[in-house]
Amino acid sequence: MTAAGIARLAGVGRAAVSNWRRRHPDFPRPVGGTETSPSFALAEVEQWLRDQGKIAEVPLRERVWQQLAGHPAGAVQALIHAGCALLLVRDRPTAWLQLSAVSDEKLALLLPPALEEILTPRFGPDRAVHTPGSAELAASVPLLRATAELAAECGTRQTYEFLLGRHLDANPRQYTLTPPGPAALMAALAGDPRTVLDPACGTGTLLRAAVRSPGTRSTGDRAADTRAAGAPEGRAVHGQEADPDLAALAALRLALQTECGGTEVRVAAADSLRADAFPRLAADAVLCHPPFNERNWGHDELAYDARWEYGFPARTESELAWVQHALARLREGGTAVLLMPPAAASRRSGRRIRADLLRRGALRAVVSLPAGAAPPYGIPLHLWVLRKPAPAGRPSPEVLLVDTGDLSAAGRDKLDWQSLHSTVLDTWQAFDRDGTVEERPGVSRSVSVIELLGDDVDLAPARHLPPPAAGGDAAALARVRERLAETLRQTTELTPTTGESAQPSRWPTTTVGELARVGALVLRAGGAGAGSGKPVLTEQDVLAGTAPSGSLPEGPAEDPVLVEAGDVVVPVLGGGSVARVVDEATAGAALGRSLQLLRPDPAALDAWFLAGFLRGTANNRQASSYASTSTRLDVRRLQLPRLPLSDQRKYGERFRALAEFEDALRQAARLGEQLVQGLYDGLTDGTVRPE
């Protein structure tokens, strides 16, 4: 395990682990890694932490993760082995109990035939998940036993989601992932398909969302469709991925997501454009987050491919090749939803294909998402909703354009996915039902195909939607002005006095770490917990003074750290001198990542006194460590003066007044920005007169 893993176990920062290595000669020696990033033996670290009183027991989920991360064949192969074993544990629990009763050496010999009996019927003969041999499994047996033990506590699906999610979080630069928000929206736009394909499935996020999605139609409608089609109630998911490791992970993830016999899972490891594994598939829906700006997609060898029904894509238009591949794998009337870069809607090299998609009625909607919705996070990506036209059908004369850029605050952690999801889905359903929708300035409009067939065939929603008045009409702006004036008056009243000059105090001091050791406060690190449904207080919420806006990742049932009124929350990554006292409105939220919670004993420490002194610039400077790209605060090193509780409360009242003044300034800034932008917009669109 690495120093970061040790820090997570002990609930401290990495700087604390570095200090332990320097100060304690009995700290475990590295057993691998590099000089700058050493790795340590889990058993030795666990024993040392116990001896030092820093941890009572390593949680099972952490032990399993460390075994997986340190697997000699690599974390990906360990995940594949763990997924195979979890399928056996879930589908044949009695067989697993019998097998696990033998020694590790014998279990490695007995597992391959048992796994073969599970994997072949589940994935078919040409499958992405190959049965590991005895030699491969020899090093994995302890991991498989621990994984089965964790599954007994929290379930097989939750266990695999936890391990896979931790691996993806630990290697963010290796994978381009589709976040849960866009994935759920894409699955909902596709309706309730019985057969769904993702030709660039990655780790299976979109297919998983399609299986979990309740669909957009009523139960009666779905049942009627099933009876009319004479099809079974079960579903079938098909995925293809060029990376064999990702294909195997996706297949196992989907199999553990769905019950055996309820949903057919077929995942192939190959490039969909060059070696289509499902050439005769006619799916109800295709969901796809294709690779962007891919020049080597097969332009030269696929020039005469039958899939280019709407035109041969240019070398620079790989995304339009994926669009046509999706349409080619749909049944008539089937729906495809693709996550696309915004440039694909306006590049001149793709205008002929876009024009033909419009003329023939294949492109039904373009939805612009806010920046931060999905990687690359700096640009507002688009969703294209397509419908495979019937040969004798009449193309729809209108296309739906939606822009959600103003529905959520900027930033990937600030997006209101619930509001965005309902706005897009409600608008799409109305358009899909009626062929048109009522115009909403700046948000949505059904546009005539003829209007879009200009020289550039530009499909960017922002270019065709009437702009909204950001501040409303003159009356609405007047109300904003009144609120601003009242807030400024309040700010004036709250402006603190500076008092008389005095000499710097020389108090006896203590540190947060010492106070934690004597029980005057409790330290907790944020980020743990999954599936609780609690709102999450994020680092950005603390810095901006806003309400909890985050959400916890899915994984095994794990108790999150819930904040209470009177807790003090401090960002530890480059947040500057910031500390927030939790109020009643925020109490009950879960503590997010990169946050440290300090829970003072009211009989020994005043919360506002604690928060105020933690915000001192000099205090933060001496407690911070500096890397080349970031600053990390070691909360245990922050200092406090040793003062009686009565004196603490005097300081605490003054710090509380400063916090109220700071909140009023933030509110005035927000209202001022709203008024200024509203006046700019009103003057430029004519809703406000110069006089």
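Residues numbered from 1 in each chain as written. Predicted model: local features only at pLDDT ≥ 70, side-chain atom pairs only at ≥ 80, totals over all residues. Heavy atoms only, no water.

(A) Expanded view of the packing of aromatic side chains. Taken as a whole and judged by the stated rule, the model has eleven aromatic pairs. On the numbers, 5.7 Å between centres and 45 degrees between planes, the contact of W20 with W48 is tilted. Here W20 is found in helix α2 (residues 14-23), whereas its partner W48 is found in helix α3 (residues 42-51), with 28 residues between them in sequence. For the pair W20 and W48, a shared accessibility class is recorded, and that class is buried. Ring centres 5.7 Å apart and planes at 85 degrees place the aromatic pair F27 and F40 in the edge-to-face group. Of this pair, F27 sits in the loop between α2 and β1 (32-33) while F40 sits in the loop between β2 (38-39) and α3, placing them 13 residues apart in sequence. F40 shares its class with F27; the two are buried. Within the aromatic cluster, the residues linked to one another by ring pairs are W507, F609, F613, Y651 and F655. (Phe/Tyr/Trp six-rings, centres within 6.5 Å; stacked < 30°, edge-to-face > 60°. Helix = DSSP H or I, 4+ residues; strand = E, 2+ residues; numbered from the N terminus. Buried < 20%, exposed > 50% of the residue type's maximum accessible area, 1.4 Å probe, protein only.)

(B) Structural view of the sheet that holds strand β18 (residues 595-600). Strand order across the open sheet formed by four strands is β13-β18-β15-β16, with antiparallel pairing between neighbours. Edge positions in the sheet fall to β13 (521-525) and β16 (580-581), since each has one partner strand and no second. As judged from the two bridges shared by strand β15 (residues 568-571) and β16, these two strands associate in the antiparallel manner. Bridged to V569 within β16 is R580. Its contacts with the sheet place helix α22 (residues 607-614) against β13, β15, β16 and β18, and it is angled at close to 15 degrees to β15. (Pairing = 2+ DSSP bridges. Contact = heavy atoms within 4.5 Å. Axes fitted to C-alpha atoms, helices over the stretch in contact; angles between N-to-C directions.)

(C) Fine view of the sheet that holds strand β3 (residues 195-198). Judged by pairing direction, the sheet is mixed, and its nine strands sit side by side in the order β5-β4-β3-β6-β7-β9-β8-β10-β11 without closing on themselves. Where the open sheet ends on each side, the last strands, each with one partner, are β5 (263-269) and β11 (444-448). Sheet twist, expressed as the mean angle between neighbouring strand axes with direction ignored, is 15 degrees. Looking at chain direction, strand β8 (residues 363-368) and strand β9 (residues 382-387) are connected through five bridges and run antiparallel.

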